[in-house]
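# Coordinates in review
In case you want the letters, here they are:
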Amino acid sequence: MTLALPELDENRPLSLPLQAERTLPNGLTVIAIRRPSVPLVELRLRVPFAKTDLARSAVLGQTLFSGTSTKSTVQIAAELQTVGGGLGAGIDPDRLLVSGNSLVSGLDRLLELLAEVLDDAVYPDGEVDTESERLADRIQVAQSQPAHLARVALLKRIYPGHPYAVQTPSVDEVRAVRPEELRAMHAERLHPAGATLVLVGDIDPEQAVELAGKRLGGWNGQGTQAELPAIPDLVPGPLLLVDRPGAVQSSLRIALPAVGRTHPDHAALQLANMVFGGYFSSRWVENIREDKGYTYGPHSVIEHSVAGSTLTVSAEVATEVTAPALVETLYELGRLASLPPSEAELEQARQYALGTLQLGMSTQAGLAGLASTYAGFGLRLNYLAEHSARLAAATLDDIARVARTYLAPAVSAPVILGDAEKIQAAVAAIVPVQVESK
């Protein structure tokens, strides 16, 4: 006997947690959010840090916690362990992000150690040499990976002349970075003006804000902040075929225009992307993965950066099915741009999008990440409720309109990394091709 699946429950309204916010005199904004699931607190410090020097920025992110004038990297880690915590840093093209956590009872010490590093990081010679070499090794490995090479080609294709066009330093540049350069960059660029500290956990928000002000109010990293120009308009054109002789797979990438989170079209575009390829039950995934078996993990996503937003389509396919996979991808984009989805398709995508918002807020770490990300774009958690309402209100006409505007093959910028000798003729029969040798 076959049992029918029950109907999905209606999405519950988003309930925003108790929170407090204050901007300190030094320019640091502190946001504290109560999430009492476990006796921990998550910390995210987001500092505007546009990558004007790729190598130095990358190494600085690796070595920020490598020592102060009174503590070694081992001593910093040991002190953090006493409060059940840890801290680490990472850099992307827009910001430096310090992430960590501790027991709630250790929040004061966690903030105290963070403040010490922000004020007094010394970037010891030995640590910088070690971490630079490790980073250089990772870059060398990445440069042999098709996904990385395809990403490099795509960035150059869609961001000509913009700082986003190159996001990975060379091995030689990384190895050439010296500690005194990192100390100078820290003094000039790592400052509280425009930075946001997010604390999420089993905390009293007002008390947490007070504590953060006490420990980080003296952070005086005055300096300059690099400003990023807006990304250039996406220029459609020939498919860029990057030759990788002997490759047994092709990396298919397509860039499409997108809009930021506050744009009136954003919610509808998110849903249109869901219908196309943004989740497992989408048309494109069903077509080239489930039906034809061309690839295992195709996906499309709207990438938001401070300087602008882009929708990217990605799939790895066997060399012999490169042209058929491209045909099916362009077909699905064109189908959605020409014919609106069914009501059932839209509702399924809507339920997935709304459920994902709820899921993102379900853990302390997830909530901290969301709050920090939104803060980097001048948004707060109330954006979630507003965006949920826009997702719920989007109509089939809205989806059809944004699909014609943003997802039509005519506005796309395609890139393929693969063996040009084996795939060029077949691909050129579909779209104009420009070949670039590696």
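Residues numbered from 1 in each chain as written. Predicted model: local features only at pLDDT ≥ 70, side-chain atom pairs only at ≥ 80, totals over all residues. Heavy atoms only, no water.

### A look at the pattern of salt bridges
Applicable threshold: Salt bridges, as used here, are contacts in which a Lys or Arg side-chain nitrogen is within 4 Å of a carboxyl oxygen on Asp or Glu. Only DSSP runs of H or I with at least four residues qualify as helices, and only runs of E with at least two residues qualify as strands; both kinds are numbered from the N terminus onward. Only protein chains enter the area calculation, which uses a 1.4 Å probe; residues under 20% of their type maximum are buried, those over 50% are exposed, and those in between are partly exposed.
Within this structure, the stated rule accounts for 24 salt bridges. Taking the shortest distance from any N to any O, the salt bridge between Arg134 and Glu131 comes out at 2.7 Å. With Arg134 and Glu131 both in helix α4 (residues 125–142), this residue pair falls 3 residues apart, about one helical turn. By relative accessible area, Arg134 is classed as partly exposed at 46%. Classification of Glu131 by relative accessible area gives buried; the value is 12%. Measuring nitrogen to oxygen at the nearest pair gives 2.2 Å for the salt bridge that ties Arg289 to Glu290. In this structure Glu290 comes out as partly exposed when scored by relative accessible area, which is 38%. Several salt bridges converge on common partners, so that one network encompasses Glu79, Asp108, Arg109, Glu112 and Arg215.

### Considerations on the packing of aromatic side chains
We count it as follows: Planes of paired rings set the category: under 30 degrees apart is stacked, over 60 is edge-to-face and the rest tilted, where pairs are Phe, Tyr or Trp rings (Trp by its six-membered ring) whose centres lie within 6.5 Å. Any Lys NZ or Arg CZ found within 6 Å of a ring centre and within 35 degrees of that ring's normal is scored as a charge over the ring.
In the structure shown here, the tally under the stated rule is 4 aromatic pairs. Where Tyr159 meets Tyr164, the ring centres are 5.5 Å apart and the plane angle is 75°; that geometry is what we call edge-to-face. We classify Tyr159 as buried; its relative accessible area is 5%. By relative accessible area, Tyr164 is classed as buried at 2%. Aromatic pair Tyr279 and Tyr352: ring centres 4.6 Å apart, planes at 40°, arrangement tilted. Of this pair, Tyr279 sits in the loop between α9 (266–278) and α10 (283–291) while Tyr352 sits in helix α12 (residues 343–360), and the two are 73 residues apart along the sequence. On the accessibility criterion, Tyr279 (9% relative accessible area) is buried. Its end group placed over the ring of Phe49, Arg189 keeps NZ or CZ at 4.5 Å from the ring centre.

### Concerning unusual backbone geometry
Phi is positive for Tyr123, which is not a glycine, with a value near 50°. We classify Tyr123 as buried; its relative accessible area is 0%.

### Regarding the sheet that holds strand β7 (residues 239–243)
Using the following cut-off: Strand pairing is defined by DSSP finding a minimum of two bridges between the two strands. Fitted lines through C-alpha atoms serve as axes, helices being fitted only where they are in contact, and the angles separating the N-to-C directions of these axes extend from 0 to 180 degrees. Residue contacts are defined here by distance: any two heavy atoms, one from each residue, within 4.5 Å place the two residues in contact.
Here 6 strands make up an open sheet; going across it, the order is β9-β10-β8-β11-β7-β12 and the pairing mixed. Two strands lie at the open edges of the sheet, namely β9 (299–305) and β12 (433–437), each paired on one side alone. Taking each pair of neighbouring strands and ignoring which way they run, the sheet shows an average axis angle of 20°. In the sheet, β7 pairs with strand β11 (residues 413–418) via 4 bridges, with the strands oriented parallel. Counterpart to Leu241 in the pairing with β11 is Ile416. Relative to β7, helix α16 (residues 420–428) is tilted by about 165°, and along the sheet it contacts β7, β8 (249–257), β11 and β12.

### Some thoughts on the environment of Ala115
With respect to the helices and strands, the residue Ala115 is situated in helix α3 (residues 107–120). Note: C-alpha distance between Ala115 and Ala392 (277 residues apart in sequence) is 43 Å. With near-sequence residues (within four places) excluded, Ala115 lies in contact with Arg215 and Leu216.

### Some words on the packing of α12 against helix α14 (residues 382–393)
Filter applied, for reference: Should an angle lie under 35 degrees it is considered roughly parallel, over 145 roughly antiparallel, and from 65 to 115 roughly perpendicular; all remaining angles are considered oblique. Gly counts as polar in this scheme, as do all residues outside two lists: the nonpolar Ala, Val, Leu, Ile, Met, Phe, Trp, Tyr, Cys and Pro, and the charged Asp, Glu, Lys and Arg.
The N-to-C vectors of α12 and α14 enclose an angle of 170°; their axes lie 10 Å apart at closest approach. Taken as axis vectors, α12 and α14 run roughly antiparallel relative to one another. Residues Arg350, Ala353, Leu354 and Leu357 of α12 pack against Leu384, His387, Ser388, Leu391, Ala392 and Ala393 of α14. Taken together, the residues of the contact of α12 with α14 sort by class into 7 nonpolar, 2 polar and 1 charged.

### Observations regarding the domain arrangement of the protein chain
Condition: Each domain span listed reflects an automatic or database assignment of domains. Simply put, the buried area is the total loss of 1.4 Å probe accessible area from both parts when two parts are fitted together.
When its domains are assigned, the protein chain resolves into domain 1 (19–216) and domain 2 (239–435). A straight line from the C-alpha centre of domain 1 to that of domain 2 covers 30 Å. Every contact between the two is made by 32 residues of domain 1 and, on the other side, 31 residues of domain 2. Roughly 2500 Å² of surface becomes buried between domain 1 and domain 2 when both sides are summed, with 61% attributable to carbon and sulfur atoms. Counting across the interface, domain 1 meets domain 2 through 2 salt bridges.

### Topic: the side chain of Glu332
If you trace the backbone, Glu332 turns up in helix α11 (residues 322–338). Looking at Glu332, the relative accessible area reads 4%, which means it is buried. With sequence-adjacent residues up to four places away left out, Glu332 is seen in contact with Phe276, Arg283, Trp284 and Asn287.

### Thoughts on the sheet that holds strand β2 (residues 29–34)
The strand order across the open sheet formed by 6 strands is β1-β2-β6-β3-β5-β4, and the pairing between neighbours is mixed. Because the sheet does not close on itself, it has two edges, and the strands there are β1 (19–23) and β4 (86–91). Each strand of the sheet is rotated relative to its neighbour by a mean of 10°, with strand direction disregarded. In terms of strand pairing, strand β3 (residues 40–48) meets strand β5 (residues 95–103) through 9 bridges, oriented antiparallel. Bridge pairing links Glu42 to Asn101 in β5. Sheet contacts for α3: β3, β4, β5 and β6 (196–201); angle to β3, the most-contacted strand, approximately 20°.

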